[in-house]
Each structure stands twice: as structure tokens, then as C-alpha cells.
Amino acid sequence: MNALAPYRRLTIKIGSALLVDGKTGKLRAEWLRSLAADLAALKAQGCSLVIVSSGAIALGRRLLNLDARTLPLDQSQAAASAGQIALSQAWAESLAEHGIVTGQILLTPNITEERRYFLNARTTISTLLGLGAIPIINENDSVATTEIRYGDNDRLSARVATMIEADCLILLSDVDGLYTAPPARDPDARHLPHVAAITPEIEAMAGGAASHLSRGGMTTKVEAGKIATQAGTALIIAKGTETHPLRALTEGARHTLFAPAESRAQARKRWIMGTLELSGNLHVDAGAARALLSGKSLLPIGVTRISGEFERGDAVAILDPDGREIARGLAGLGREEADIVKGKNSTLVTELLGLGTRSELVHRDNMVVLMGMEAKVS
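Residues numbered from 1 in each chain as written. Predicted model: local features only at pLDDT ≥ 70, side-chain atom pairs only at ≥ 80, totals over all residues. Heavy atoms only, no water.

J.: Where do I start with the overall build of the chain in this structure?
T.: Per the secondary structure count, the chain includes 14 helices and 16 strands. Looking at the 378 residues of the chain, the share that counts as buried comes to 49%. Long-range pairs, those at least 24 residues apart, make up 73% of the contacts in the chain between residues at least 6 apart in sequence. (Helix = DSSP H or I, 4+ residues; strand = E, 2+ residues; numbered from the N terminus. Buried < 20%, exposed > 50% of the residue type's maximum accessible area, 1.4 Å probe, protein only. Contact = heavy atoms within 4.5 Å.)

J.: Help me understand the environment of Met 163 in this model?
T.: Note that Met 163 resides in helix H7 (residues 153-163). With 68 residues separating them in the primary sequence, Met 163 and Ala 231 have C-alpha atoms 9.4 Å apart. Those residues in contact with Met 163 that sit more than four places away from it in its chain are Thr 112, Phe 118, Ala 121, Arg 122 and Ile 125.

J.: Which parts of the structure should I look at to understand the sheet that holds strand S5 (residues 168-173)?
T.: Each strand in a sheet pairs with another by means of backbone hydrogen bonds, the pair being arranged parallel or else antiparallel. With respect to topology, eight strands assemble into an open sheet ordered S3-S4-S2-S1-S5-S9-S10-S8, the strand pairing being mixed. The two strands at the open ends of the sheet, each matched to only one other strand, are strand S3 (102-107) and strand S8 (194-195). In the sheet, S3 pairs with strand S4 (residues 134-139) via six bridges, with the strands oriented parallel. Residue pairing in the sheet places Leu 107 in a bridge with Glu 139 of S4. (Pairing = 2+ DSSP bridges.)

J.: For this particular structure, what's the right way to read the environment of Arg 122?
T.: Positionally, Arg 122 belongs in helix H6 (residues 115-130). Overall, Arg 122 belongs to the buried group, its relative accessible area being 13%. When the C-alpha positions of Arg 122 and Ile 164 are compared, they lie 6.1 Å apart, and in sequence the two are 42 residues distant.

J.: In this structure, what is going on with a nonpolar patch on the surface? I would like to understand it.
T.: Taken together, the side chains of Ile 340, Leu 348 and Leu 352 define a hydrophobic patch exposed on the protein surface, amounting to about 220 Å² of accessible area. Relative to the helices and strands, Ile 340 is located in helix H13 (residues 335-341). (Patch = residues over 30% accessible without salt bridge, like charges linked within 9 Å, V, L, I, M, F, W, Y side chains within 5 Å. Areas by Shrake-Rupley, 256 points an atom, 1.4 Å probe, with all protein chains shown as cover. Salt bridge = Lys/Arg side-chain N within 4 Å of Asp/Glu carboxyl O.)

J.: Looking at this structure, how should I read the packing of helix H2 (residues 29-44) against helix H4 (residues 73-96)?
T.: Two quantities define a packed helix pair, namely the angle between the helix axes and the distance between the axes. Contact geometry for H2 and H4: axes closest at 9 Å, N-to-C directions at 55 degrees. Considering the angle they form, H2 stands oblique to H4. Helix-helix and strand crossings are classified by hand; for H2 and H4 the assignment is right-handed. Two secondary-structure elements touch here, H2 through Leu 32, Leu 35, Ala 36 and Leu 39 and H4 through Ala 90, Trp 91, Ser 94 and Leu 95. (Axes fitted to C-alpha atoms, helices over the stretch in contact; angles between N-to-C directions. Parallel < 35°, antiparallel > 145°, perpendicular 65-115°, else oblique. Left-handed = near helix turned anticlockwise from the far one by under 90°.)

J.: How do you make sense of the nonpolar core when you look at a structure like this?
T.: Here is a general trend for soluble globular proteins: nonpolar side chains tend to be buried in one another's company. Counting residues in each nonpolar core, the largest one holds 40 residues, and the members touching the most others are Ile 125, Ile 137, Val 160 and Leu 178. Among the elements of the structure, strand S2 (48-53), S3, H6, H7, S5, strand S6 (178-179), helix H9 (218-230) and strand S9 (234-239) are those that each provide at least two residues to this core. When residues of this core are assigned to their parent elements, the largest contribution, six residues, is made by H6. Of all hydrophobic cores here, the second largest spans 37 residues; its members include Tyr 7, Ala 36, Leu 87 and Ile 100. (Core = buried A, V, L, I, M, F, W, Y, C linked by side-chain atoms within 4.5 Å.)

J.: Hey, could you run me through the side chain of Thr 256 in this one?
T.: Tracing the backbone through its elements, the reader meets Thr 256 in strand S10 (residues 255-258). Among the polar contacts listed, one links the side chain of Thr 256 to the backbone oxygen of Leu 192, at a separation of 2.6 Å. Those residues in contact with Thr 256 that lie beyond four places of it in its chain are Asp 176, Gly 177, Leu 178, His 191, Leu 192, Pro 193, Val 195, Leu 235, Ile 236 and Ile 237. (Polar contact = N/O pair within 3.5 Å; in protein donor to acceptor, adjacent residues only side chain to side chain.)

J.: Can you walk me through the pattern of salt bridges in this structure?
T.: Under the criterion given, the structure shown has 12 salt bridges. Salt-bridge contacts for Arg 254 lead to Asp 176; the nearest nitrogen and oxygen are separated by 3.2 Å. One end of the pair, Arg 254, is in the loop between helix H10 (245-250) and S10; the other, Asp 176, is in the loop between S5 and S6, and 78 residues separate them in sequence. Residue classification places Arg 254 among the partly exposed residues on the basis of a relative accessible area of 48%. Look at Asp 176 and you get buried, because its relative accessible area is 14%. Taking the shortest distance from any N to any O, the salt bridge between Asp 322 and Arg 324 comes out at 3.4 Å. Residue Asp 322 is classed as exposed on the basis of its relative accessible area of 61%.

The quantities given are spatial measurements derived from coordinates; they are silent on function.
Encoded structure:
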């Protein structure tokens with residue numbers, strides 16, 4: 001059974017131990033070429049692909065002749081700096097053989113945790129995908145100071161997957177999924193092909209890190225699963241040590257599938273409705289109110305008055321001519337820009353604010369339409 005058939009947007013996390021030979025510190029070039037062929041095949045089938053790749057420190061360690069298994073922070077940062085160039089070049093060359101362009105994005109925790117940076121990063125990734133490229137993402141380990149960790153690329157990949165609203169996050173590892181106990185220590189451990197929900201019992205089944213090259217073990221993978229599934233993204237943990245690991249998944253290779261808690265749209269809109277503090281109000285005319293209730297985005301021409309102070313990405317309420325809240329969502333423009341374009345036709349937005357400015361004040365994907373006192377999230 002093709003495990004990837006239901007999904008069209010995939011985030012794939014590659015661990016250091018898969019990319020770098022643990023004995024020589026060299027890139028596993030043949031393995032990477034096989035993975036690139038798998039990615040090209042999926043892309044040809046219409047999938048959008050984002051890679052979260054470890055390996056910079058592991059490659060840089062060899063390039064700088066650093067032999068210690070555990071490096072101090074300054075040497076880890078130096079290794080990351082040197083290794084990131086080699087890692088990026090390896091990805092670019094392997095995918096270029098299939099006519100695929102790559103784009104490098106280095107993230108630090110504030111980018112996925114602070115809304116304004118989050119929106120900018122998401123826009124960059126979405127633009128790369130729209131242009132047919134494959135973004136290659138890693139933590140910016142050369143400048144990170146909090147133990148040079150996100151904590152790890154498992155959790156980073158979950159943040160990225162939810163940021164781009166991926167259908168599925170694939171964690172390629174040296175193990176083919178979750179077991180009832182660490183299989184290396186318990187010969188009676190059973191493989192779990194499907195996890196409906198991450199319960200305390202499921203969390204207790206995870207073990208520690210598998211090698212000196214890897215920061216995270218099954219514990220961090222299950223924690224990544226909590227982040228992803230709660231946001232509506234499925235998670236697959238699969239073995240990636242052999243060549244063509246993604247093709248193997250399409251051919252029925254064993255893995256563990258963690259089911260999403262709810263659809264991405266439901267999770268996102270429930271988050272907007274229930275966890276964001278409102279920063280302002282957008283008052284709209286009757287025509288705009290009808291358009292919103294029929295599932296349209298909020299355009300500047302329908303806005304009659306603005307109150308509050310907000311930046312792009314902040315939560316705002318949308319009020320009808322009688323002052324009733326009919327929707328809430330994430331502002332596509334800050335207060336100052338919104339004041340400039342309110343009541344104007346969308347064709348004037350670029351003229352007033354410049355190229356690259358979105359025409360929607362609140363996009364329908366970032367909006368919850370209120371039905372009485374409840375949010376319409378279906």
C-alpha cells in the first residue's frame with residue numbers, strides 16, 4: 001500500500017546519521033542521490049516538498065578536523081558554519097541532476113514562534129514552492145546560542161510542517177517506526193503501525209538518542225508528532241537508512257502513522273478562534289459582510305472603519321454595520337497600511353503600498369466566520 005498516496009504537501013526531515021557516514025564523517029553521496037530521485041518522482045506526481053535537513057555540524061566536524069564526539073559551543077557553531085556550505089552544495093547538486101532548483105532557509109526559534117517572522121518565513125517557503133523549487137531548511141546553528149539546539153530538527157520539522165500546512169510530516173530515521181519498547185533492549189517489543197492519538201502511554205514507549213550524530217531519539221519524534229498532529233498534519237516515522245527510502249514507503253515499507261487530531265483547516269481556525277488575543281476591529285459594509293458569510297476574503301473596499309493597533313499577523317475582529325462581530329482572523333496588513341487602503345479597490349493596493357503587497361485585509365484561510373456564538377470551522 002502506498003503510504004504517501006493521500007498527501008500532496010510533504011515535509012521530510014532527514015537526520016544526520018542518514019546523510020553522514022558515522023565512521024568517516026563523509027557525506028553518504030549514493031544515498032542522497034537515491035533520495036533525490038525519490039523526491040523528483042514525487043514532485044513529478046504533483047507533490048509540494050519541503051526538506052528539513054540535519055548534517056551541517058556532522059559535515060563541518062570533519063572539514064575542520066574536530067575529533068571530539070561532544071563539541072563545545074564555539075566549535076559547534078564553527079562546524080555548523082563550515083558544514084552548512086557543504087550540506088547546501090550537496091543538496092543543490094543532487095537535485096539539480098533532476099532539473100530541480102533548491103532554496104536554502106536557515107531558521108532560529110523566534111522565526112517559528114513569533115507571528116510576524118512566522119508569516120514572512122511562510123511566504124518565502126510558499127513562494128519557492130510556487131516557483132517549483134524545493135526549500136532546504138535547517139536551524140541556523142552557526143549563531144544559535146541556547147545549547148545550539150531548537151532543541152532538535154524533529155521538533156523544528158514539526159514547526160515547519162505546521163507553518164506551511166503540510167498534509168504529512170515524514171521523519172526518516174534509523175528505525176521503522178514506534179515500538180511498544182525500545183527494540184534494541186527488548187526483544188519482545190511490538191511495532192505499532194498506527195497511532196490514533198498520542199497518549200501518556202504512547203509517550204512512555206519512546207527511548208533515547210540512537211547515535212552520537214543524532215540529537216534526538218524516539219522521544220523527540222513523538223514530541224514532534226504532538227506538534228504536528230494537533231495542527232492537523234499526519235506524521236510518518238519510517239526507516240531511511242537504505243537507498244530510496246521514500247520509494248520504499250510508496251511500495252509498502254513498514255512505518256508508523258500518527259493520525260492528525262483534526263483537519264488542518266479546523267485546527268488552524270480553532271486556534272485563531274480560541275487562543276489569540278484580539279488587537280483591533282475592522283468595521284465592514286453590508287456587501288462585505290455578505291461576502292464574508294459566503295466564504296470570501298475581506299478586501300479593503302468593504303472596510304468602512306478601523307480601530308485598535310495591530311501589525312500584520314495579529315488577530316482582529318470583523319464587525320458588520322450594526323457592530324456585531326461576524327468573523328475574526330489574522331490581519332494581512334498592519335494598522336497603518338490598512339488605513340491607507342480601506343475603502344479602496346484592490347487594484348489600487350499595489351499602487352498605494354508597492355509591489356508584493358497582498359490585496360486582502362484578511363484572507364479567508366486565516367479567518368473564522370462566526371455563526372451566532374460559535375465558530376464555523378468545517
